[in-house]
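# Topology and contacts: notes
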Amino acid sequence: MKIELKDNKVFFENQGLKKEIHPFWLRERVNGDIHLDKKTQQRLFDPTELKKDVKIENLNLSKNFLEITFNDGSYTKLEIQNIFKEFANVNDVKYINKVEWDSSLKNLNNFEFKDNFFEEEEMYKALIYFYKYGFVIFKNVPTQNNFIVKFANSIGSIRRTNFGEFFDVKSKPNPNDLAYTSLSLAPHTDNPYRNPVPCIQMLHCIKNEVSGGLSTLVDGYTVTQKLKKKFPDYYKILSEIKVRFQFVDNSVILEDWSEMIQLDTNGDFKQVRFSPRLDFVPLIDKEKLEIFYSARKKLSELYNSKEYRIEFKLSPGDLLMMDNYRLLHGRTSYDTNEGYRFLQGCYIDYDSTEGKLKHLKRKFNL
Ligand SMILES: [Fe+2]
């Protein structure tokens, strides 16, 4: 990447492509004390109030800095490196490459919890793993006094739902969700009926005295890539048809419409939703539904196949943090006569982890 000047214009060259940078873009980045609050990095002026025909009067380019004087009298000295960073979006977590994994995954991404953990470089590494694999397990997290709340709020802010700030996962009488029984739970994503769906789920094991009740994880990203390659028609229809996800109890009815495989504006993987107890397929053409039902069945087969599932036992103190847009989770059944199985769960949103990751990156100059 390179910056070049010609006739009071600034050009940005990247991989042989040279383009002029709009003078207004540069004017918005004026960073002197009267223009920018250094502590918050927030502007002290409103760029929408500037005259539109901002022009460059004077330019000077040195090795590390670009100095500009504009026709409205403002002057700035910009670090070239910062312009490059904005162009490359290097801080964006979407540029952390996802690692596809299946049942052969051996490394369970374990990180040991310790005091001041949230401000350590180790936390940065854990979050990078989280974005690569969609999950991470923290070991020896204190189990007293609903510590999960403190843990979650030390990364970001808890996303409260109608299940509360956090929820206890153990079998109980008259459950309003199958999670609160000792039955096995097939791979699913949580709360597909919410808008927005909670991004990240944390599950903290407080007690586990039973031999069953193994936690299961499936990488929805790996399965989606597989489906796209082997069954393109199924991939297409599952990423086109929106289904209604619904949750009903005595005090609330929650509904949201979405594709089971949701793609972003570039057609890349964004999110999967899968919970066969909660989805309602729209009444569309019979021919289309014929393909849709075959596609959903195939998707379910893949999600439930042993080929893609990892199984492990959470021990007291283990805290599993997983991406609810990417992974499916479940558990094997257990026998309540063997003893207690008690987990606590909560949700946080992506901005929390993303913000923490960027903060630690800046702090340790990574
Ligand atoms: Fe769940």
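Residues numbered from 1 in each chain as written. Predicted model: local features only at pLDDT ≥ 70, side-chain atom pairs only at ≥ 80, totals over all residues.

## So, the nonpolar core
If you look at the biggest cluster of nonpolar residues, it comprises 63 residues, and the most contacted ones within it are Phe-135, Val-136, Met-202, Leu-319 and Met-321. When residues in this core are grouped by element, the largest group, seven residues, is from helix H3 (residues 121-133). Dropping the residues within four chain positions of it, Met-202 is found in contact with Ile-148, Ala-152, Leu-319, Met-321, Gly-345, Cys-346 and Ile-348. (Core = buried A, V, L, I, M, F, W, Y, C linked by C-beta atoms within 7 Å. Buried ≥ 20, exposed ≤ 12 C-beta atoms within 10 Å, placed from the backbone. Helix = DSSP H or I, 4+ residues; strand = E, 2+ residues; numbered from the N terminus. Contact = placed C-beta atoms within 7 Å.)

## Describing the domain arrangement of the chain
Taken as a whole, the chain is organised into domain 1 (2-88) and domain 2 (94-363). Summarising the inter-unit geometry, the C-alpha centres of domain 1 and domain 2 are found 43 Å apart. (Domains from an automatic or database assignment.)

## What about unusual backbone geometry?
With an omega dihedral of -5°, the bond running from Asn-195 to Pro-196 counts as a cis peptide bond. Topologically, Pro-196 is positioned in the loop between strand S12 (185-188) and strand S13 (200-208). For Asn-116, which is not a glycine, the phi torsion comes out positive at approximately 60°. With respect to the element layout, Asn-116 can be found in the loop between strand S9 (110-112) and H3. Even without being a glycine, Asn-191 presents a positive backbone phi close to 50°. Summarising the element assignment, Asn-191 is placed in the loop between S12 and S13. According to the C-beta neighbour criterion, Asn-191 is buried, with 24 such atoms within 10 Å.

## A look at the sheet that holds strand S6 (residues 56-61)
With antiparallel pairing, three strands are arranged side by side in an open sheet as S6-S7-S8. Both outer strands of the open sheet, S6 and strand S8 (75-79), are each paired with one neighbouring strand and no more. The sheet shows a mean angle of 20° between the axes of neighbouring strands, direction not considered. The sheet strands contacting helix H2 (residues 80-88) are strand S7 (65-70) and S8, and the helix crosses S8 at an angle near 70°. (Pairing = 2+ DSSP bridges. Axes fitted to C-alpha atoms, helices over the stretch in contact; angles between N-to-C directions.)

## Let's talk about H2
Counted residue by residue, H2 has zero buried out of nine residues, so it is predominantly exposed. Remark: Asn-89 follows H2 within two positions and exhibits a positive phi of approximately 50°.

## Here's the deal with the packing of helix H5 (residues 220-230) against helix H7 (residues 286-304)
Where H5 contacts H7, the two axes come as close as 10 Å, and the packing angle between them is 135°. As summarised for this structure, H5 and H7 are arranged oblique, according to the angle between their axes. For the crossing formed where H5 meets H7, the hand is right-handed. Taken together, the residues of H7 that come into contact with H5 (itself represented by Val-223, Lys-226 and Leu-227) are Leu-299, Leu-302 and Tyr-303. Partitioning the contact of H5 with H7 into residue classes produces five nonpolar, no polar and one charged. (Parallel < 35°, antiparallel > 145°, perpendicular 65-115°, else oblique. Left-handed = near helix turned anticlockwise from the far one by under 90°. Nonpolar A, V, L, I, M, F, W, Y, C, P; charged D, E, K, R; others polar.)

## Focus on H5
Of the positions making up H5, those classed as buried are Gly-220, Tyr-221, Thr-222, Val-223, Thr-224 and Leu-227. Those residues of H5 that are buried are in contact with strand S14 (215-219), helix H6 (232-238), strand S17 (261-263), strand S18 (269-272), H7 and strand S22 (327-331).

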